[in-house]
Structure formats: structure tokens, C-alpha cells
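# Summary of structural features
Given next are the chains, with one letter for each unit.
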Amino acid sequence: MALDMNKLNEFVGRFVGDLGAAVHAGLVVIGEKLGLYKALAAQPMTSAELAAKTSTDERYVREWLASQAAGGYVTYDEKTNKFSLSEEQAFTLANEDSPAYLPGAFELALGSLAAVPRITEAFRSGAGMGWHEHDAGVFHGCEKFFRPGYAANLISSWIPALEGVQKKLEAGARVADVGCGKGASTMLMAGAFPKSSFTGFDYHDGSIQGARESATRQGMSDRVAFEVTKAKEFPGKDYDLVAVFDCLHDMGDPVGAAKHVRQSLKQDGTWMIVEPFANDQLKDNLNPVGRVYYGFSTLLCTPCSRSQEVGLCLGAQSGEARIRDVVSAAGFTRFRRAAETPFNIVYEARP
């Protein structure tokens with residue numbers, strides 16, 4: 001076999017980048033948890049100054065800074081021997097209100113990788129793994145990963161893109177957020193529309209407890225409720241809006257869940273479905289965003305669906321056509337793509 005050395009070197013170079021990124025994920029989580037990025041955003045520092053500022057060990061901090069500088073996540077000035085964050089680095093690594101805040105994605109990745117031994121066996125057995133069975137980093141990282149995108153788009157562009165929904169919410173509407181996790185999406189909507197009532201539903205009791213605690217911290221516990229229940233069983237009728245954020249594809253029986261949503265809506269109600277951005281054809285998803293979503297789908301989404309009844313396993317890259325099939329099978333007569341970002345597509349379904 002004759003090897004093309006240029007192609008071999010190119011592939012090995014890709015491997016080196018991936019290996020560095022895999023190890024780097026853990027270091028980003030460390031930097032976020034210890035406040036290293038936030039401290040560096042304030043002013044340039046030596047390793048000793050950063051260690052003193054964050055009450056950490058200088059030797060560990062020195063090695064961490066070197067790795068961050070090598071990866072382009074921190075800026076190094078060889079003349080002063082100080083490290084700093086550029087405006088762009090600070091925006092993505094130190095500002096939790098930024099729409100491009102990144103550390104949560106790495107926490108989600110590390111939490112997902114903790115399941116590798118079990119998912120390996122699932123490849124052989126075909127068994128599932130429930131969302132609730134994952135490492136706690138999955139739940140914390142998921143909220144941190146998705147919340148910035150929701151904060152940037154949900155109120156400003158996604159809800160306005162739905163027919164007549166914003167006016168209803170401003171006047172006072174009933175809203176169900178199904179598969180709400182730790183409630184970030186629920187509380188963003190509740191904060192923007194104080195005349196409306198919001199209930200978040202999720203089958204994972206740990207996430208619901210976290211959502212309730214967050215609502216208390218934000219002073220919203222009197223206006224927002226959270227309940228433990230499955231997507232096919234959440235209570236209530238005559239909702240003006242039912243929302244599902246990045247979770248329809250995780251459900252074992254998304255058609256059954258969709259039928260329950262339809263029964264719970266008012267006749268003129270709206271179902272907002274937020275899903276990861278995906279094209280219908282595999283060839284069109286073979287890109288960096290698709291790589292991320294297919295990876296998470298292998299470790300989280302597909303096992304989660306397989307662990308439930310039906311186990312349809314839509315996957316995180318299901319695409320518009322498959323979502324349309326689910327919605328139509330549930331009896332909805334109107335379906336359209338209402339909005340999109342590089343990471344999400346927002347669909348609107350109506351009875």
C-alpha cells in the first residue's frame with residue numbers, strides 16, 4: 001500500500017489538534033470554576049499575581065496559563081511575562097451574560113464523556129441510558145451551554161417570529177415549557193412577560209429542584225412553577241404556548257409527546273419547537289457544527305431516546321423533514337420554520 005505522505009501528515013495534524021482540544025476541555029472547566037478567566041479579564045497578570053488573586057497554587061496556575069496561551073485562549077506578552085485576555089477572549093470566557101459564553105459547552109462535554117464505558121457496552125447491547133443517569137456535569141453544562149443562545153435570541157427574535165404569540169404573552173398567556181431542565185428558558189420568558197404564567201416540566205427531579213432554587217434566587221418563585229412529569233403526561237389544558245427547547249429529539253416517543261402537546265393547547269395556541277440546527281441530508285451536516293451535535297447525540301440524545309418507550313431515536317441532527325413528520329403525525333395542520341441561528345432552528349406548529 002502506497003501512502004500519500006502529505007495526506008498522512010495532514011490527518012496526523014488534525015489528530016494533534018483534536019487531542020489537544022480533548023485535554024483542553026478539562027482545563028477550560030478548571031479555569032471557569034476557579035475564576036481564572038474572570039480575574040485575567042480585569043488586567044494582565046503574571047502567574048504569581050493570578051494565583052494570589054484567585055487563592056490558587058502558583059505552580060498549577062503557571063502550567064494552566066501556558067496551556068491556555070498555546071491554545072490561543074489566553075494572550076501572552078513575552079516582554080512583561082504577563083498573561084491577559086483580549087476583548088474577544090473575555091467576551092467568550094469571562095462574561096456569563098455573553099451570547100457566546102463557552103465554558104458550559106466544555107462542562108457538558110466532560111460530563112458526557114464520563115458515560116463512555118457504559119455507552120460502549122450500549123453499542124453491543126442496544127440498551128439505552130436515561131438522561132437522569134448521567135454525570136451531574138451534563139445537567140450543569142447543558143444549562144450553561146444553551147442559556148447564552150436562548151438569552152440572545154429567545155425574546156428578541158424567536159418569539160417575535162411566531163404568529164401573534166408576543167402580543168398574547170404581553171397581555172397575559174398560559175405557557176408550558178416541556179423538558180425545561182434547570183429552567184433557564186422558562187425564567188427568561190417569565191422575566192420578559194410578567195403578565196403571563198409559566199410552568200416548566202421535566203421528568204428529571206434533580207433538574208426541577210435546581211430550577212426551583214434558581215427561581216427563588218431570581219425572585220420569580222411566586223410567578224413560575226416547576227413540576228416533575230413526563231412530556232406525554234404534563235398536566236393542564238388551554239395553553240396559549242407550549243415550548244420545547246432542544247429536547248424533542250431526546251424523547252423516546254416524540255409523536256406521543258406531540259399528540260399530548262396538541263391536546264393541551266387552545267385551538268389558536270402555538271407549539272414552539274427549538275431544535276439543534278440540522279439539514280435533512282447527512283452530507284450537508286458534515287461540518288464543525290454537525291460534528292459537535294453528532295458527538296453529543298451519540299453520547300446523550302440517542303441513548304436517552306433508546307431508554308424510553310418506542311425509542312424512535314431522532315438524534316440531534318434529525319433535520320426539518322423528520323420534525324415535520326413528527327408534528328404532522330400528531331395532527332398539527334400548520335408547520336413552518338420560523339427562525340434560525342447557526343446553532344438552532346425554531347419551528348412553529350399550530351393545530
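How each quantity is defined
- Residues numbered from 1 in each chain as written.
- Predicted model: local features only at pLDDT ≥ 70, side-chain atom pairs only at ≥ 80, totals over all residues.
- Heavy atoms only, no water.
- Pairing = 2+ DSSP bridges.
- Helix = DSSP H or I, 4+ residues; strand = E, 2+ residues; numbered from the N terminus.
- Axes fitted to C-alpha atoms, helices over the stretch in contact; angles between N-to-C directions.
- Salt bridge = Lys/Arg side-chain N within 4 Å of Asp/Glu carboxyl O.
- Buried < 20%, exposed > 50% of the residue type's maximum accessible area, 1.4 Å probe, protein only.
- Expected span 1.5 Å × (residues − 1).
- Arc of directions from axis to C-beta.
- Phe/Tyr/Trp six-rings, centres within 6.5 Å; stacked < 30°, edge-to-face > 60°.
- Lys NZ or Arg CZ within 6 Å of the ring centre and 35° of its normal.
- Disulfide = S-S within 2.5 Å.
- Domains from an automatic or database assignment.
- Parallel < 35°, antiparallel > 145°, perpendicular 65-115°, else oblique.
- Left-handed = near helix turned anticlockwise from the far one by under 90°.
- Contact = heavy atoms within 4.5 Å.
- Nonpolar A, V, L, I, M, F, W, Y, C, P; charged D, E, K, R; others polar.
- Core = buried A, V, L, I, M, F, W, Y, C linked by side-chain atoms within 4.5 Å.

Read across the open sheet, the 7 strands follow the order β5-β4-β3-β6-β7-β9-β8; overall the sheet is mixed. A strand with exactly one partner marks an edge of an open sheet, and here the two such strands are β5 (224-228) and β8 (334-340). The average undirected angle you get between the axes of adjacent strands in this sheet is 20°. As paired strands, strand β3 (residues 174-178) and strand β4 (residues 197-202) are joined by 5 bridges and run parallel to one another.

Here we take up the pairing of β8. Relative to strand β9 (residues 344-350), β8 runs antiparallel, the two sharing 6 bridges. Pairing of R334 across the sheet is with R350, part of β9. Hairpin geometry of β8 and β9 is characterised by an intervening segment of 3 residues between the two adjacent antiparallel strands.

As a further point, take the pattern of salt bridges. Two side chains carrying opposite charge are able to pair once their charged atoms lie near each other. If you walk through the whole model with that rule in mind, you get 20 salt bridges. Among the salt bridges present, the one from R291 reaches D18, with a minimum N-O distance of 2.7 Å. Residue R291 is found in helix α13 (residues 288-306), and its partner D18 is found in helix α1 (residues 5-33); the two are separated by 273 residues along the sequence. The partly exposed category is assigned to D18, whose relative accessible area is 30%. Notably, a salt bridge pairs E320 with R324, separated by 3.5 Å at the nearest N-O pair.

Our next topic: helix α11 (residues 205-217). Here α11 contains 13 residues, and its C-alpha end-to-end distance of 19 Å stays within 8% of the 18 Å for a straight helix at 1.5 Å per residue. Those residues of α11 not exposed but buried are S207, I208, G210, A211, S214 and A215. What you see down the axis of α11 is that its buried residues fit within an arc of 160°, all on one side. Exposed residues on α11 whose side chains face more than 90 degrees from its buried face are D205, T216 and R217.

Taken as a whole, this structure holds 13 aromatic pairs when the rule is applied. With a centroid separation of 4.8 Å and an interplanar angle of 35°, the aromatic rings of Y76 and F83 are classed as tilted. We classify Y76 as partly exposed; its relative accessible area is 39%. Since its relative accessible area comes to 9%, F83 is described here as buried. For the pair F335 and Y347, a centre-to-centre distance of 5.2 Å together with 25° between the ring planes defines the contact as stacked. Taken as a pair, F335 in strand β8 and Y347 in strand β9 lie far apart in primary sequence, 12 residues in all. Comparing F335 with Y347 shows no difference in burial state: the two are buried. In this structure an aromatic cluster arises from ring pairing among F145, F146, Y150, W158, F245 and F296. When the ring centre of Y239 is taken as origin, the NZ or CZ atom of R174, which lies over that ring, is 4.4 Å away.

Our focus in this paragraph is the state of the cysteines. Counted under the stated rule, the structure contains 0 disulfides. Here C301 stays free of any disulfide, with the sulfur of C304 as its closest cysteine sulfur at 7.6 Å. A residue is classified by how much of its surface remains accessible, and C301, at 8% relative accessible area, is buried.

What follows covers the domain arrangement of the protein chain. Segmentation of the protein chain into domains returns domain 1 (18-94) and domain 2 (165-285 + 302-350). With centres defined by C-alpha atoms, the gap from domain 1 to domain 2 works out at 37 Å.

Attention now moves to the packing of helix α8 (residues 136-158) against helix α10 (residues 184-192). Remark: α8 packs on α10, axes separated minimally by 9 Å, with the N-to-C direction vectors making an angle of 30°. One finds that α8 runs roughly parallel with respect to α10. The two elements α8 and α10 meet at a crossing, and its hand is right-handed. Contacts from E143, R147, Y150, A151, L154 and I155 in α8 reach A184, S185, L188, M189 and A192 in α10. The class makeup of the residues in the contact of α8 with α10 is 8 nonpolar, 1 polar and 2 charged.

Quick look at the nonpolar core now. Considering soluble globular proteins, one finds that nonpolar side chains tend to be buried as a cluster. Among the nonpolar cores identified, the biggest contains 49 residues, and L169, F245 and M272 are the most heavily contacted of them. Among the elements that make up this core, the one with the highest residue count is α8 (8 residues). Those residues in contact with L169 that sit more than four places away from it in its chain are I159, V175, F193, S196, F198 and L241. L248, A257, I273 and V327 belong to the second-largest nonpolar core, a separate cluster that totals 28 residues.

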